[in-house]
Every structure is written in structure tokens, then in C-alpha cells.
Amino acid sequence: MKKYDVVIIGSGIGGLCCGSILALAGKKVLISEAHSQPGGVAHSFKMKGYTFESGPSLWSGLGRWPTTNPLGQILRLLDEKVELIKYKGWHVSVPEGEFNLEVGKEPFRKRINILRGDKSVEEWNSFLSSIKPLSQIVNEIPLLSSSPETMNIFEIIKLASKFIPNINLLPKLNGGFGDIVDEHLKDPFLRNWVNLLSFLISGMPMHDTNSAAMATLFDEWFEPKSYLEYPKGGSESIVNALVNSFTNNGGELILSSKVEAINFSKNIASGVMLENGSRIFSDFVVMNTDAWTSRKLIPKAIREKRFPKAKNINKCNSFLHIHLGFDASGLQNLPIHSIHVDDWDKGITAEQNVAVFSIPSVLDKGMAPKGKHVLHGYTPANEPWEIWENLNPNESTYKNLKEERCSIFLKYLRKIIPDIEERIELKLLGTPLTHKKYTRTFCGSYGPALSAAQGLFPGCMTPVKNLLACGASTFPGIGIPAVSASGAYAAEKIIGKKEYKNLLKMIKI
């Protein structure tokens, strides 16, 4: 009988961060992953010489030090280096026009002046000035060491004492970012722009997006020396770095091994049972699964008594995806990223209204065969599950609807590459059903739609002893930095506050 200190269900970024920290601390850890690849939504797949990205496309805060990005901090703690390609620009297509935009303070300020004039620039300057103190607070309170569940009253008082001049700003950090926007921005374009950034981060509009997360984003994107990063080899490189540290420190990862249920002994989590009937015993179980999936893993008697009904949790919508391999001949100065908004008046969450594209082979030639480009496009959490849930992927009704709904991608791509359809050599389309199949997320959703205006996401602790959770259904919430921190919080509860603090001291946090 094999026994572990910890079994982690799922190898998404949160689970890998949790497992890597635990293994570094000397724990015997098993990660059980249902898919044939680790990484959750952050993984790549290869076909006909192309490396297709399936997950996040915008990365920042990994290569510089110090950084406020928890994933960057964890990679440094693990002493894992990922080769990063720096760049600054992306292409924007919005109702006000099309333009190339660089991150940083001045490029956007110049664009505002062109589009909206001096008055709007002054408004934006005032807005940035209001965010600056919040960003400074976030910099002083590293997310990696600031779980609401583990900070005691003395630590809270000690932290609060640092911010006496700005003590009145602390409540704003956990509120909705839209409240800050309402105070400072009246210009419609600026409000729409910030709403768009909020939606890309959290899958929700700005009034529902956490202010601390947005303060971090603004610190990374709107500072004079800001830049974006692309991990060479794609998001798979990030996953490989975490897996490498995990296994080098004695961790075990099993793939194509779906967990069917969590086992309990006297109402204490004691391991898991796999789909093939194998039982694995452990002292702790960590669920790197969404709120709905997590609930199903728990026996009915314990679930109904101790866990809230996940069906009552609102969900973010799902995604459409397009993957293209296409001829690159004659194409110059293609943007690595582009974002397209059809109509602000429809609302930022409206279906078929926003699409995002990434052409990583612009920076990393190894992602595609010579003379070719590879592209990933997606609609960011605005595709409704309900129109897909009863369709059979093998039937023509599904296939026809998939072609029809995904035509939005080619419509937008023609603005960048007018003859894109003649260049395509390989095309793959994905729907919410595809997203659910490969990520095993409830309804293919981006995650719980828990509004920051209503409070924080639930923490890593559960009502059951020795059963913890991490990932996008737990604090701090949705997005790579957030789920990375959530994995660290679960690890902290297992190894203890003192040992966890000693680890963070290694990177001076």
C-alpha cells in the first residue's frame, strides 16, 4: 500500500505550485491528473510541426525581480528559470479605431490624446495617480504571504502600521475596481478600456473585479519600464518548469488518472480513489478542481452536511477557440497579440463581441515550421454554455453551429491579414464542449462569477479536516497569478506557518 503525505487532484497551475512547494519542503506528494498532459488550461499540443497554445497568452512579471506576480515569486523560490522573450506591443481594434499600442505610461497617454484629446489625458493621469498608492500597498503586501486565512491579528496590525498615511485606502483593495473607476473616469472610451482589461483578467466587468488584482496589473503594464513576456516554447515551458522542480524534489505525477472520489476516515480526508478502482492513501488531499467538480468528489453524506450547494454559484461563461497554422510568406510586422471589440454598447460580456488573438511564432520561430505561423484565438469568457450543452459533437447540427459561431474569428482576422483564408493550412475549432472535455471544468466555464463587490473568494480551507482546495474557485480568484498564490496558501496550511515563512525568507519575502 502506497501512502503519501499529500495527494493533489489536478495539475493546473495552482496544483503544480502547491505540489512544488510541498515537495521542496520535503513532503511526499502525488499529483493525479485526469488529462494526458499536465498544466490544466495552460498547456500546448503539437500537430504537423505546429505547437498550438491552448491557454493564457499574455504573461508579465515573471522575468523581473522583485516582482509582485506570485508565479514569478514561486519560480524564483524553486530556482526554476524559464527563457522569456520581452516585447511591448499589441494590436487593438475598437470602435474608436485600429492602432498598435505598447505597454507603459506614455504610449497609452499619447493614444488617448489622439483619440480623445487633452481633457481625457488629464482624467487618465488623475486615475493613475489614484491607483498608485494602491499599487504601492500591494507591493508592500506580497500576495504570496497574505492569505486572509493564515494572517493573525498581530500580522495584520503590523502590516496596517506600514500604511498609516493611506490607511483609508485599504478597504478599497478588496472591493470592486469599478468603484475607483467611477470616482475618476467619465470619458466613455477610458471607462470601456478599463472595463475590457478587467474582463480579460477576471472574466467579469470592472465593478465585479477585485481592485488589488487590477492595481497589480496597472503596476505591471502602465509603468515607464513596463514590458510583456512570452515564455519560449509557450505556456508549456512554465508547466515544465513547475513539473521539473516537483519531480526533482521527489514528487510523483500520474497522468490519465482521473480521481473518482475522495476517501474519508471518520470524516477526515484520507486519500482518493481513481477511476480504475485504485485507492491511494494520504494524510491530506488538495482539490485543484473547480467548485462544482470538487463537490461531486465528496461522498453525499458529507457533501450535503458540510458543503454549500455549488449549483447556486454563478459561473462565468465559456470560450470559443480557433487554432490556425498558416503560410507566413510576405507577411511583415504582424502583432504577436491583437484584441478586437465590436461594439462597446453591447457590453463587454456580450457574446460574439470580443476576441483575442496570439501569434506566438512572431517571437518564437520554433512554434511553427519554417515559413509558417501558428495562431490561437479565443472569445474571452463570453460564449454561453446553454446553446451547446445538449448538442452531440458527432452530429451535423453541432458542426454547423461550430463553423457559424467561430466565423467571428475570421471576420476579425481579415483586418490584420486580408487573405487569411487562402493562407490557412491547418484549422482547428473549439467550443465550450471542447473546453470542458480538455480542461474538465464545469460547463467549460472560466470559473465562478463571484463579484468582488460581494466579498472575497473562499479560502483554501474546507469544512472537512485535512481537505483543502486551490485554483480559480478559491482566493484570490481567477487568473494565473491568483491560482499560483492559491496553491501556495494550501501548501502553507499543510507545512505550517513557520516552515512556510522560512521558505519565503529564501527569496526575501
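As a starting point, this report considers the structure included with it. Bear in mind that the values here come from a model prediction, so they are computed numbers and not experimental data.

### Thoughts on the sheet that holds strand β13 (residues 321-327)
Strand order across the open sheet formed by seven strands is β7-β6-β14-β15-β16-β13-β17, with mixed pairing between neighbours. The strands lining the two open edges of the sheet, one partner per strand, are β7 (97-102) and β17 (424-430). With strand direction ignored, the average angle separating the axes of adjacent strands in the sheet is 15 degrees. On the sheet, helix α13 (residues 396-413) packs against β13, β14 (337-341), β15 (354-358), β16 (372-378) and β17 and is oriented at approximately 130 degrees with respect to β17.

### A closer look at the packing of aromatic side chains
The full count for this structure, using the stated rule, is 22 aromatic pairs. Between Phe108 and Phe189 the ring centres are 6.3 Å apart and the planes differ by 35 degrees, which places this aromatic pair in the tilted class. With a gap of 81 residues between them, Phe108 in helix α3 (residues 105-116) and Phe189 in helix α8 (residues 188-202) connect regions that are remote in the sequence. In terms of burial, Phe108 and Phe189 fall into one category: buried. Seen in terms of ring centroids, Trp124 and Phe222 are 5.6 Å apart; in terms of plane orientation they differ by 65 degrees. Their pairing is edge-to-face. Residue Trp124 is located in helix α4 (residues 118-140), and its partner Phe222 is located in the loop between α9 (211-221) and β8 (228-231); the two are separated by 98 residues in the primary sequence. Comparing Trp124 with Phe222 shows no difference in burial state: the two are buried. Among the aromatic residues, those joined into a cluster by ring pairs are Trp90, Phe108, Trp124, Phe127, Phe177, Phe189, Trp193, Phe218, Trp221 and Phe222.

### Points about the pattern of salt bridges
Applying the stated criterion to the full structure yields 19 salt bridges. The salt bridge involving Lys2 is made with Glu252; its shortest N-O contact spans 3.2 Å. Note that Lys2 is positioned in the segment before β1 (3-9) and Glu252 in strand β9 (residues 252-254), a separation of 250 residues in sequence. With its nearest N and O atoms 4.0 Å apart, the salt bridge here joins Lys411 to Asp342. Linking Lys411 in helix α13 with Asp342 in the loop between β14 and β15, this pair joins segments that are 69 residues apart in sequence. For Asp342, a relative accessible area of 31% puts it in the partly exposed group.

### Looking at α13
For α13, spanning 18 residues, the distance from its first C-alpha to its last is 26 Å, which sits close to the expected 26 Å at 1.5 Å a residue. Of all the bends in α13, the greatest, near 30 degrees, is centred on Cys406.

### Looking at the packing of α8 against α9
Two quantities define a packed helix pair, namely the angle between the axes and the distance from one axis to the other. Remark: α8 packs on α9, axes separated minimally by 11 Å, with the N-to-C direction vectors making an angle of 110 degrees. The orientation of α8 with respect to α9, classified from their angle, is roughly perpendicular. In this structure, α8 uses Val194, Leu197, Ser198 and Ile201 to contact α9, whose residues at the interface are Met214, Leu217, Phe218 and Trp221. Class assignment for the residues of the contact of α8 with α9 results in seven nonpolar, one polar and no charged.

### Some remarks on the environment of Glu102
Within the secondary structure, Glu102 is located in strand β7. The sequence separation of Glu102 and His91 amounts to 11 residues, and the corresponding C-alpha distance is 8.7 Å. Beyond its immediate stretch of four places on either side in the chain, Glu102 contacts Lys88, Gly89, Pro107 and Phe108.

### What to know about the side chain of Asn382
Relative to the helices and strands, Asn382 is located in the loop between β16 and α13. Within polar-contact distance, the side chain of Asn382 engages the backbone oxygen of Val354 at 3.3 Å. Of note is the side chain of Asn382, whose polar atom sits 3.3 Å from the side chain of Thr379. Setting aside residues up to four positions removed in sequence, Asn382 forms contacts with Phe199, Asn317, Ser318, Thr349, Ala350, Glu351, Gln352, Asn353 and Val354.

### Looking at the nonpolar core
Trp124, Phe127, Trp193 and Phe218 are the most contacted members of the largest nonpolar core, which totals 55 residues. Trp193 has contacts with Trp90, Val92, Leu101, Phe108, Phe222 and Trp344, leaving out every residue within four places of it along the chain. Counting 46 residues, the second-largest nonpolar core is a separate cluster that includes Val239, Ala485, Ala490 and Ile494.

### Considering helix α17 (residues 497-505)
Considered for burial, the residues of α17 that qualify are Tyr500, Leu503 and Leu504. Across the axial projection of α17, the buried residues extend over an arc of 95 degrees, all falling on one side. Summarising the geometry of α17, the exposed residues directed more than 90 degrees from the buried face are Lys498 and Lys505. Tucked inside the fold, the buried residues of α17 contact α1 (13-24), α2 (70-77) and α16 (480-495).

### Examining unusual backbone geometry
For the bond running from Trp65 to Pro66, omega is 0 degrees, close enough to zero to count as cis. A cis geometry characterises the amide bond from Phe475 onward to Pro476, with omega recorded as 10 degrees. Looking at the element boundaries, Pro476 is found in the loop between β18 (467-469) and α16. Even without glycine at this site, Lys48 takes up a positive phi of about 50 degrees. Following the sequence through the fold, Lys48 ends up in the loop between β3 (44-47) and β4 (50-53). The class for Lys48 is exposed, based on a relative accessible area of 66%. Even without glycine at this site, Lys266 takes up a positive phi of about 55 degrees.

### Thoughts on the pairing of β16
Looking along a regular strand, one sees the side chains alternate between the two faces of the sheet. Of all seven residues in β16, six are buried; the element is thus mostly enclosed. Of the pairings in the sheet, the one linking β15 to β16 comprises three bridges and is antiparallel in character. Following the sheet pairing, Phe357 is matched in β16 by Gly377.

Definitions and cut-offs
Residues numbered from 1 in each chain as written. Predicted model: local features only at pLDDT ≥ 70, side-chain atom pairs only at ≥ 80, totals over all residues. Heavy atoms only, no water. Pairing = 2+ DSSP bridges. Helix = DSSP H or I, 4+ residues; strand = E, 2+ residues; numbered from the N terminus. Axes fitted to C-alpha atoms, helices over the stretch in contact; angles between N-to-C directions. Contact = heavy atoms within 4.5 Å. Phe/Tyr/Trp six-rings, centres within 6.5 Å; stacked < 30°, edge-to-face > 60°. Buried < 20%, exposed > 50% of the residue type's maximum accessible area, 1.4 Å probe, protein only. Salt bridge = Lys/Arg side-chain N within 4 Å of Asp/Glu carboxyl O. Expected span 1.5 Å × (residues − 1). Bend = angle between axes of the 7 residues up to and from the residue. Parallel < 35°, antiparallel > 145°, perpendicular 65-115°, else oblique. Nonpolar A, V, L, I, M, F, W, Y, C, P; charged D, E, K, R; others polar. Polar contact = N/O pair within 3.5 Å; in protein donor to acceptor, adjacent residues only side chain to side chain. Core = buried A, V, L, I, M, F, W, Y, C linked by side-chain atoms within 4.5 Å. Arc of directions from axis to C-beta.

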